[in-house]
Each structure stands twice: as C-alpha cells, then as structure tokens.
Amino acid sequence: SVGKNLLYEGKAKIIYTTDEPEILLAHFKDDATAFNAQKRGRIVGKGEINCKISQLLFQYLEERGIRTHFIDCPAPNQMRVMRVQILPLEVVVRNIAAGSLCQQTGLPLGTILKQPLVEFYYKNDQLGDPLLTRDRLLLMELATPEQLDQLQQQALQINRYLSEFFQSCGITLVDFKLEFGLDAQATIRLADEISPDTCRLWNSSETDPNNRVMDKDRFRRDLGNVENAYQQVLERIQMSSQGS
Ligand code: C5P
C-alpha cells in the first residue's frame with residue numbers, strides 16, 4: 001500500500017492514507033522538536049532508528065497480548081498502522097523522578113518512585129499539553145470512566161513489560177509517554193510510537209547523570225552525541241530481541 005494523501009503532519013511523523021481505508025502509513029522524520037516546538041533541530045537517521053525501535057517494541061508487546069496499531073514496515077522509516085481515532089491524551093508513566101515531575105514537585109532527579117505513577121496530559125499544543133486531573137478529564141469527556149480505567153491498567157501493564165525488557169538491555173526505563181486510539185470496533189489500541197523521543201532511557205551501568213542519558217534529553221539539554229545514543233538503544237534492543 002503506497003502512501004496516497006497526506007492526512008496529518010506532526011512534529012516527528014507524517015501520516016498518509018493508503019488504498020485501504022483502515023490502513024494508514026506513518027513516515028518517521030529526522031526532525032526533532034522540544035519544549036512545545038520552541039526548540040527545533042534534526043537528528044540524522046532518527047526516522048529510521050525510531051521506526052525500527054517502535055516496530056520491535058510494538059511486536060514485543062503484541063506477543064504479550066497488548067493490542068497496538070502496528071501492522072508492518074514497508075521501508076526503514078515507514079510503518080503501516082491500523083487507522084484509529086487517537087484519544088487527545090498523553091499517558092505518561094514514571095518509575096523514576098525526572099523532567100516535569102521534578103520541576104513541579106521538587107522531588108530530586110533520580111528519586112525511585114515507590115510505585116509507578118500514571119499521569120494524563122491533554123494533547124493540545126495551544127494549551128501547552130496541560131496535566132489533567134481525573135475529574136477534569138471526565139468533565140471534558142476525553143474518555144469514559146471505563147476507558148480511563150482501561151488506559152490506566154494498560155499503561156501499567158505496558159510499563160511492566162517494557163521495564164523488564166529494557167532491563168535485559170542494560171537500560172533503565174525512567175519514564176515514557178503513550179498515546180492510545182480507538183479502532184473500528186472501539187477497542188483501545190496502543191498507537192503513535194515508543195522510541196528515545198518518547199521515553200527517558202538511562203544506561204544502567206553508568207552513574208554520571210549526563211553520560212547515562214540515551215534519549216531525547218540529549219537533544220533537549222544539548223548534551224551532544226544524540227545520534228550515537230539513539231543507535232546504541234536500537235542495537236541493544238536488537239540484541240535482546242534476538243535472545244528472547
Ligand atoms: O516532560 P515530562 O517529564 O513530563 O516527560 C515525561 C516523559 O514523556 C518523557 O519520557 C518525555 O520524553 C515524554 N513526553 C513525550 N511527549 C510529550 C511530553 C512528554 O514523549 N509531549
């Protein structure tokens with residue numbers, strides 16, 4: 001299925017329609033943005049690396065019963081996905097305090113959370129993706145109470161699978177963002193991508209707070225070696241997926 005019409009262009013991906021109405025084509029871009037697109041740049045090779053990493057992680061999760069939008073990859077930076085109606089929510093799961101959690105609570109960077117924290121943000125660039133409360137989310141009818149419970153449970157289950165998998169790669173899964181959509185049967189499916197753009201990943205054998213970073217924080221904080229870090233994550237995931 002070749003890409004036909006441009007359906008949507010986001011910061012990191014372009015979505016095309018295909019000949020089949022229920023299938024879309026996602027093109028992963030090298031473009032990088034941070035801080036609600038106030039910082040822009042390019043990470044050479046990122047499109048292909050993130051496409052491959054997302055493929056391997058979606059397949060890993062599918063094998064464990066998590067429903068995703070993934071179908072296949074017709075090219076290194078292209079992914080065929082099931083058409084879903086994306087819920088305008090960013091579901092963030094945190095195992096270790098970093099980023100906005102530290103900024104908004106004062107918890108020191110690196111604090112290990114006693115239990116994973118699930119947060120819901122309103123996916124809205126104009127409003128700056130604000131953190132929602134459960135009641136605000138329901139008030140705005142962004143999901144039903146049943147869907148909200150399912151999202152929470154799936155996010156925690158995905159966190160257990162991904163944390164275990166990354167641990168086997170020598171990588172600590174600090175936090176990550178998920179997006180979900182509803183398919184034609186109104187079933188919740190994991191969508192978007194899972195990559196170093198959307199996860200905080202720390203090299204487990206490195207204690208230096210700058211050297212350990214293997215994710216988009218290298219770009220956000222100008223730590224350098226962004227391409228290398230992303231490539232390292234892919235290589236470790238490939239090694240681990242062959243072994244399992
Ligand atoms: O910035 P914050 O600490 O809230 O980010 C938590 C996690 O969600 C990080 O892994 C970050 O990369 C991811 N995230 C994302 N897209 C956003 C906001 C956060 O992928 N718009």
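Residues numbered from 1 in each chain as written. Predicted model: local features only at pLDDT ≥ 70, side-chain atom pairs only at ≥ 80, totals over all residues.

- Under the annotation held in an unreviewed UniProt entry, the chain carries the name Phosphoribosylaminoimidazole-succinocarboxamide synthase and is attributed to Gloeocapsopsis dulcis AAB1 = 1H9.
- Taken verbatim from the UniProt record of the chain, the Pathway (unreviewed entry) comment is "Purine metabolism; IMP biosynthesis via de novo pathway; 5-amino-1-(5-phospho-D-ribosyl)imidazole-4-carboxamide from 5-amino-1-(5-phospho-D-ribosyl)imidazole-4-carboxylate: step 1/2."
- For the chain, the Catalytic activity (unreviewed entry) comment in UniProt is given as "5-amino-1-(5-phospho-D-ribosyl)imidazole-4-carboxylate + L-aspartate + ATP = (2S)-2-[5-amino-1-(5-phospho-beta-D-ribosyl)imidazole-4-carboxamido]succinate + ADP + phosphate + 2 H(+)". (UniProt positions renumbered as here; feature names shortened; annotations may be inferred.)

1. With respect to the overall build of the chain
In step 1: When helices and strands are tallied, the chain shows 6 helices and 13 strands.
In step 2: For a compact globule of 244 residues, the expected C-alpha radius of gyration is about 18 Å, and the chain comes in at 17 Å, within 12% of that figure.
In step 3: Overall, the C-alpha framework of the chain stretches about 50 × 40 × 40 Å when taken along its three principal axes.
In step 4: Considering only contacts in the chain between residues 6 or more positions apart, those separated by 24 or more positions represent 53%. (Helix = DSSP H or I, 4+ residues; strand = E, 2+ residues; numbered from the N terminus. Rg over C-alpha atoms; globule rule 2.2 N^0.38 Å. Contact = placed C-beta atoms within 7 Å.)

2. Quick look at the confidence of the model for the chain
In step 1: Looking at the chain, the pLDDT average stands at 97 and 98% of residues meet or exceed 70.
In step 2: The spread of mean pLDDT over the elements of the chain runs between helix H6 (residues 226-243), the lowest at 95, and strand S9 (residues 89-96), the highest at 99.
In step 3: Both confidence scores are given for the complex: pTM 0.97, ipTM 0.98. (pLDDT = per-residue confidence, 0-100.)

3. Topic: the nonpolar core
In step 1: One finds Val91, Ile171, Leu173, Leu201 and Val233 to be the most contacted residues of the largest nonpolar core, which totals 54 residues.
In step 2: Split by domain, this core shows at least three residues from each of two domains, domain 1 (6-82) and domain 2 (85-226).
In step 3: With near-sequence residues (within four places) excluded, leucine 201 lies in contact with Phe166, Ile171, Leu173, Val174, Pro196, Met214, Asp215 and Val233. (Core = buried A, V, L, I, M, F, W, Y, C linked by C-beta atoms within 7 Å. Buried ≥ 20, exposed ≤ 12 C-beta atoms within 10 Å, placed from the backbone. Domains from an automatic or database assignment.)

4. Some words on the site of the ligand
In step 1: Close to the ligand lie 14 residues; Gly99, Ser100, Lys177, Thr198 and Arg200 are nearest.
In step 2: Along the lines of polarity and charge, the residues of the shell around the ligand split into 5 nonpolar, 3 polar and 6 charged. (Near = placed C-beta within 6 Å. Nonpolar A, V, L, I, M, F, W, Y, C, P; charged D, E, K, R; others polar.)

5. Digging into the UniProt feature "domain: SAICAR synthetase/ADE2 N-terminal" (unreviewed entry) in the chain
In step 1: Within this numbering scheme, the UniProt entry marks residues 6-236 as carrying the feature "domain: SAICAR synthetase/ADE2 N-terminal" (unreviewed entry).
In step 2: Counting secondary structure, residues 6-236 comes out at 30% helix and 33% strand; the distance between its end C-alpha atoms is 34 Å.

6. Looking at the sheet that holds strand S6 (residues 70-75)
In step 1: Spatially, S1-S2-S3-S7-S6 is the arrangement adopted by the 5 strands of the open sheet, whose pairing is antiparallel. On the outer flanks of this sheet lie strand S1 (6-9) and S6, each paired with one strand and no other. Between one strand axis and the next, the sheet turns by 25° as a mean value, whatever way the strands run.
In step 2: Both S1 and strand S2 (residues 13-17) contribute to a ladder of 3 bridges, which runs antiparallel. By the bridge assignment, tyrosine 8 is partnered in S2 with isoleucine 15. (Pairing = 2+ DSSP bridges. Axes fitted to C-alpha atoms, helices over the stretch in contact; angles between N-to-C directions.)

7. Here we look at the domain arrangement of the chain
In step 1: Here the chain is described as being made up of domain 1 (6-82) and domain 2 (85-226).
In step 2: Here domain 1 and domain 2 have C-alpha centroids that lie 17 Å from each other.
In step 3: On the side of domain 2, 23 residues touch domain 1, which itself brings 19 residues to the contact.
In step 4: Mapped onto the side of domain 1 that touches domain 2, the elements with two or more residues apiece are strand S4 (31-34) and helix H1 (46-63).

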